[in-house]
Amino acid sequence: KIDSTCSVTVRSWASAIAMTSAGALNSLRTSSTPVTSTGVEDAPKEFSAAAEGIATALGRPSFSNEELYRPAVAIEFGMFYLGRQLGNYDGRVYPALAAYNAGPGNVLNWASLTDDDPDLFLNTIRYLEPRVYIRNIVEIFNRYCLIYGQ
């Protein structure tokens, strides 16, 4: 459950995601992900398309996927995308995090079965990775709130 005493903002959720992602970054760099001749790991096509859409929305016409490996760009794009997902799901955090991690198409299916109950939503997710991802983010968010307050 989300700590209801903590203010829910894109920035606070982005902080929780960044804390989770920082640990994942080392495993990404040591994975068997294909690397281009420039030394940059190839991003999946779906993510590339999303990043190009975000770049357009942010007014970056000369964007290239290699920029996503610059922390400032990755954070800016991630916050934009998370903010968009929170807007798409009327501020409901679990569906927004699921869309951020597993794509909005999957979330529509899961949300249609749950009647806005976050616990039921979480248990309706058929894939392990997004379920674990949401639990981890919510746990880190609650710790963030405990340490830093509102």
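Draft legend 1. How the structure looks around the overall build of the protein. Secondary structure assignment for the protein yields seven helices and zero strands. Shown N-terminal to C-terminal, the secondary structure of the protein runs as helices and strands in the order α-α-α-α-α-α-α. When each of the 150 residues of the protein is scored for burial, the buried share is 33%. Nonlocal contacts in the protein, meaning residues at least 24 apart in sequence, comprise 50% of its contacts between residues at least 6 apart.

Draft legend 2. Local environment of unusual backbone geometry. Phi is positive for D90, close to 50°, though the residue is something other than glycine. Here D90 lies in the loop between α3 (71-88) and α4 (93-102). On the basis of relative accessible area, D90 is assigned to the exposed category, the value being 70%.

Draft legend 3. Fine view of the nonpolar core. Within the largest apolar cluster, 18 residues are counted, with the highest numbers of intra-cluster contacts made by Y94, L97, A98, V107, F121, I125 and I134. If you list the elements that add at least two residues to this core, you get α3, α4, α5 (104-111), α6 (118-124) and α7 (128-148). Here the element with the most residues in this core is α4; it accounts for six residues. Counting residues in hydrophobic clusters, the runner-up holds eight residues, among them A55, V73, F77 and Y81.

Draft legend 4. Structural context of α7. Helix length check: α7 (21 residues) gives 30 Å between terminal C-alpha atoms against 30 Å at 1.5 Å per residue, within 8%. Listing the buried residues of α7 in full gives P130, R131, Y133, I134, I137, V138, I140, F141, N142 and C145. G149 sits one or two residues past α7 and shows a positive phi near 70°.

Draft legend 5. Broad picture of the packing of α4 against α5. Contact geometry for α4 and α5: axes closest at 7 Å, N-to-C directions at 140°. With respect to α5, the element α4 is oriented oblique. α5 is crossed by α4, and the crossing has right-handed handedness. Taken together, the residues of α5 that come into contact with α4 (itself represented by P95, A98, A99 and A102) are P104, N106, V107 and W110. By residue class, the composition of the contact of α4 with α5 is seven nonpolar, one polar and no charged.

Thresholds, definitions, all that
- Residues numbered from 1 in each chain as written.
- Predicted model: local features only at pLDDT ≥ 70, side-chain atom pairs only at ≥ 80, totals over all residues.
- Heavy atoms only, no water.
- Helix = DSSP H or I, 4+ residues; strand = E, 2+ residues; numbered from the N terminus.
- Buried < 20%, exposed > 50% of the residue type's maximum accessible area, 1.4 Å probe, protein only.
- Contact = heavy atoms within 4.5 Å.
- Core = buried A, V, L, I, M, F, W, Y, C linked by side-chain atoms within 4.5 Å.
- Expected span 1.5 Å × (residues − 1).
- Axes fitted to C-alpha atoms, helices over the stretch in contact; angles between N-to-C directions.
- Parallel < 35°, antiparallel > 145°, perpendicular 65-115°, else oblique.
- Left-handed = near helix turned anticlockwise from the far one by under 90°.
- Nonpolar A, V, L, I, M, F, W, Y, C, P; charged D, E, K, R; others polar.

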